[in-house]
Amino acid sequence: MESTPGHPEIAPPAAPPIAARPHPPTSPGPVEPDEDRRTWPTAIGVLLIVLQSIGFLVTLATAASLFIDFSSAMRVFGAAPAMDAQRAWRTELLATYAASALLSILAIAGAALLLYRRRLGVTMLLAWALLRLPHALFSSWVAANAQRDTMKSMPQTMARPTPAGLADVMYWTTFFTSMLWLLILPAFVLIWFLVSPIRRQTRLWP
């Protein structure tokens with residue numbers, strides 16, 4: 001714009017500033033939700049603490065029952081030989097119960113650390129899940145053999161003799177049922193903590 005004598009030159013109005021456009025992050029990668037919003041550590045931790053605490057108490061009660069003498073009561077029913085056969089496996093049964101109690105304590109401690117989102121808790125739970133496999137094999141073998149010897153020592157009160165293959169069927173049924181019962185929860189824990197998203201999350205824990 002031209003200026004006139006005695007009047008200053010008037011500058012044209014300035015253009016409004018252009019707002020900066022938002023742009024995506026320059027470093028690609030998965031967007032993780034806020035750590036405090038995740039509920040699975042609390043849910044799994046509480047579940048493990050409750051189940052393993054119940055299992056620990058049941059194990060102690062079952063181990064204590066091995067020291068109770070039921071022979072006098074069982075003689076009335078003619079089952080004293082069965083009690084003797086069960087007692088023959090007392091050492092092996094006590095070993096499985098002691099190992100089970102220690103593993104329960106390990107799982108409870110790991111689950112408690114899981115509530116506070118500590119990587120040590122994950123390590124302890126993975127160790128518990130791996131140690132459960134040999135323990136389940138040995139416990140199932142002892143339980144199946146103790147049951148088979150108990151059944152063989154029971155008096156035959158039936159009109160017809162027990163089929164020869166029934167003992168083997170009961171043996172393998174007890175073995176695989178015990179294995180399945182002992183390994184369901186450890187298998188879930190092992191698979192859960194080996195999944196890539198969960199491993200990525202727990203790697204950030206202190």
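In this text the structure is predicted, and so the values were computed from the model without any measurement.

1. Re the environment of Leu113
Next, step 1: Take Leu113: it is sitting in helix H4 (residues 90–115).
Next, step 2: C-alpha separation for the pair Leu113 and Pro41, spaced 72 residues apart in sequence, amounts to 9.5 Å.
Next, step 3: With sequence-adjacent residues up to four places away left out, Leu113 is seen in contact with Arg118, Leu120, Gly121 and Met124.

2. Looking at the packing of helix H1 (residues 40–65) against H4
Next, step 1: Running from N to C, H1 and H4 point in directions that differ by 160 degrees, and their axes come no closer than 8 Å. By the angle between their directions, the pair H1 and H4 is classed as roughly antiparallel. Relative to H4, the crossing made by H1 is left-handed.
Next, step 2: Broken down by class, the residue content of the contact of H1 with H4 amounts to 18 nonpolar, 8 polar and no charged.

3. Here's the deal with the packing of H1 against helix H6 (residues 166–194)
Next, step 1: Relative orientation of the contacting elements H1 and H6 amounts to 160 degrees, with a least axis distance of 12 Å. It follows from the interaxial angle that H1 and H6 lie roughly antiparallel. In this structure, H1 crosses over H6, and the sense of that crossing is left-handed. Where H1 approaches H6, its residues Trp40, Ile44, Leu48, Leu51 and Gln52 are matched on the opposing element by Leu185, Phe188, Val189, Trp192 and Phe193.
Next, step 2: Taken together, the residues that form the contact of H1 with H6 break down as 9 nonpolar, 1 polar and no charged.

4. Quick look at a nonpolar patch on the surface
Next, step 1: Taken together, the side chains of Val46, Leu47, Val50, Leu51, Ile54 and Val58 present a nonpolar region at the surface, about 490 Å² in accessible area.
Next, step 2: Looking at the secondary structure, you find Val58 in helix H1.

5. A short note on the packing of aromatic side chains
Geometrically, a pair of aromatic rings is defined through the distance of the ring centres and the angle of the planes.
Next, step 1: Considering all chains together, one arrives at 10 aromatic pairs under this definition.
Next, step 2: Ring centres 5.6 Å apart and planes at 65 degrees place the aromatic pair Trp40 and Trp192 in the edge-to-face group. With Trp40 in helix H1 and Trp192 in helix H6, this pair connects stretches of sequence that are 152 residues apart.
Next, step 3: An aromatic cluster is present here, built from Trp40, Phe188, Trp192, Phe193 and Trp205 joined pairwise through their rings.
Next, step 4: The ring of Tyr171 has Arg148 lying over it, and the distance from NZ or CZ to the ring centre is 4.5 Å.

Rules behind the numbers
Residues numbered from 1 in each chain as written. Predicted model: local features only at pLDDT ≥ 70, side-chain atom pairs only at ≥ 80, totals over all residues. Heavy atoms only, no water. Helix = DSSP H or I, 4+ residues; strand = E, 2+ residues; numbered from the N terminus. Contact = heavy atoms within 4.5 Å. Axes fitted to C-alpha atoms, helices over the stretch in contact; angles between N-to-C directions. Parallel < 35°, antiparallel > 145°, perpendicular 65-115°, else oblique. Left-handed = near helix turned anticlockwise from the far one by under 90°. Nonpolar A, V, L, I, M, F, W, Y, C, P; charged D, E, K, R; others polar. Patch = residues over 30% accessible without salt bridge, like charges linked within 9 Å, V, L, I, M, F, W, Y side chains within 5 Å. Areas by Shrake-Rupley, 256 points an atom, 1.4 Å probe, with all protein chains shown as cover. Salt bridge = Lys/Arg side-chain N within 4 Å of Asp/Glu carboxyl O. Phe/Tyr/Trp six-rings, centres within 6.5 Å; stacked < 30°, edge-to-face > 60°. Lys NZ or Arg CZ within 6 Å of the ring centre and 35° of its normal.

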